[in-house]
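# Breakdown of the fold
Each chain is listed here by its residues.
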Amino acid sequence: MKTVKTTQVRPTATVEDYLETIHRLQRDGKKVIATRLAELLNVSLPTATLTLKRMARDGWIIFDRHKQILLTPAGETAAHSVIRRHMLTEWLLVQTLNVPWSEAHSEAHQIEHTLSDNVEKRLNDNLNRPSTCPHGNPLPDHEELTSHWLPLTKAPHSTTVTIRRIHETIEDSRETLKYLEQNGLLPGAKIEILESLAFNQTISLRTEKGILSLGWALAENIFVESDTSG
């Protein structure tokens, strides 16, 4: 399919939300289709389909022969930009304004679309060019840093590990982030994996606040690094 070269300096806020989500799915090796995007963005399928057609018209995405969605070079550049603005804003909120860790994601989402490229650069410089956001997710071009971290569900039992990352899927739930924050399950925290039970899909942990049980749906989105992993 022929790509229409975009003449927009920056996409609309709605399009940026789509680009962020498409980038995340592609980064994680997931198929990007309209139904999946509609689900993640909490919009109807007709709304998602119409938006995607406009994005293709404007040169942000293309559809392959299997109807999967791919970012164009312009779309990838725009996605990287809004993701950086979002993650840098999270750091600003947490480090400078003392916004609770569990609230930084939702607050940053309200701000990310308004930051200029100049402010983005200044933030990046003043924050010493971070490689991850406060939740441990990689900034664009730093994905390799997180590639060896394992989800809790795949980490070995009876070992001590360090939490490194809370996947973006969890960031979308403020209540879940509050739960993690209240129980000390934040990037940098050391925990011991006691037991993982496949039959009821739970994993038991020992944290600084005591013994805790998590469901696999949450645990598979918490990434850790073994304390013996060199």
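All values reported here derive from a predicted model rather than from experimental measurement. (Residues numbered from 1 in each chain as written. Predicted model: local features only at pLDDT ≥ 70, side-chain atom pairs only at ≥ 80, totals over all residues. Heavy atoms only, no water.)

## Topic: the overall build of the chain
Cut-off, in case you're wondering: Helical segments are the DSSP runs of H or I of at least four residues, strand segments are the runs of E of at least two, and each set is numbered from the N terminus. Within these notes, the globule rule equals 2.2 Å times the number of residues to the 0.38 power, and the radius of gyration is based on C-alpha atoms. Each residue is placed in one exposure class: buried if its accessible area under a 1.4 Å probe, protein chains only, is under 20% of its type's maximum, exposed if it is over 50%, and partly exposed if it falls in between. Here a residue-residue contact requires only that any non-hydrogen atoms of the pair lie within 4.5 Å. For accessible areas, the Shrake-Rupley method is used with a probe of radius 1.4 Å. Any residue's cover is judged against the shown protein chains and nothing else. In this tally Asp and Glu are treated as negative and Lys and Arg as positive; neither His nor the chain ends contributes. Each charge is placed at NZ for Lys, CZ for Arg, CG for Asp and CD for Glu.
Along its length, the chain carries nine helices and eight strands. For the chain, whose C-alpha radius of gyration is 19 Å, the value lies close to the compact-globule estimate of 17 Å for 230 residues. Counting only C-alpha atoms, the chain reaches 55 × 45 × 35 Å along its principal axes. Counting every position in the chain, which comprises 230 residues, the buried fraction comes to 44%. Considering only contacts in the chain between residues 6 or more positions apart, those separated by 24 or more positions represent 65%. Per element, the accessible surface of the chain, about 12,300 Å² overall, is 52% carbon and sulfur. When the 26 basic and 29 acidic side-chain charges of the chain are each reduced to a single mean position, those positions are 6 Å apart.

## Describing the domain arrangement of the chain
As a reminder of what qualifies: Each domain's extent was defined by an automatic or database domain assignment. By convention, the term buried area covers the 1.4 Å-probe accessible surface removed from two parts as they join, with the contributions of both added.
Each assigned domain of the chain is listed here: domain 1 (13–76), domain 2 (82–131) and domain 3 (150–226). Computed from C-alpha atoms alone, the centre-to-centre distance between domain 1 and domain 2 is 24 Å. In this assembly, five residues from domain 1 lie in contact with seven residues from domain 2. Across the interface of domain 1 and domain 2, roughly 510 Å² is buried in total on both sides, 55% from carbon and sulfur atoms.

## Topic: the sheet that holds strand β7 (residues 210–215)
What holds strands together in a sheet is hydrogen bonding between their backbones, with the strands either parallel or antiparallel. Put simply, the rule is: If DSSP finds at least two bridges between two strands, the strands pair. Every angle, taken between N-to-C directions, lies between 0 and 180 degrees, and every axis is a line fitted to C-alpha atoms, over only the stretch in contact when it is a helix.
Pairing in this open sheet of six strands is antiparallel, and the strands run β3-β8-β4-β5-β6-β7 from one edge to the other. Looking at the sheet topology across the chains shown, the edges are occupied by β3 (150–151) and β7. Across five bridges, strand β5 (residues 190–197) lies against strand β6 (residues 202–207) in antiparallel orientation. Within the sheet, the bridge partner assigned to I193 lies in β6 and is L205. Where helix α8 (residues 174–182) meets the sheet, it contacts β4 (159–166), β7 and β8 (222–226), and its direction lies at approximately 155 degrees from that of β7.

## Describing unusual backbone geometry
Although it is not a glycine, K67 adopts a positive phi angle of roughly 70 degrees. Mapped onto the elements, K67 comes out in the loop between β1 (61–63) and β2 (69–71). A positive phi angle, near 55 degrees, is found at Q201, a position not held by glycine. With respect to the helices, strands and loops of the structure, Q201 is situated in the loop between β5 and β6.

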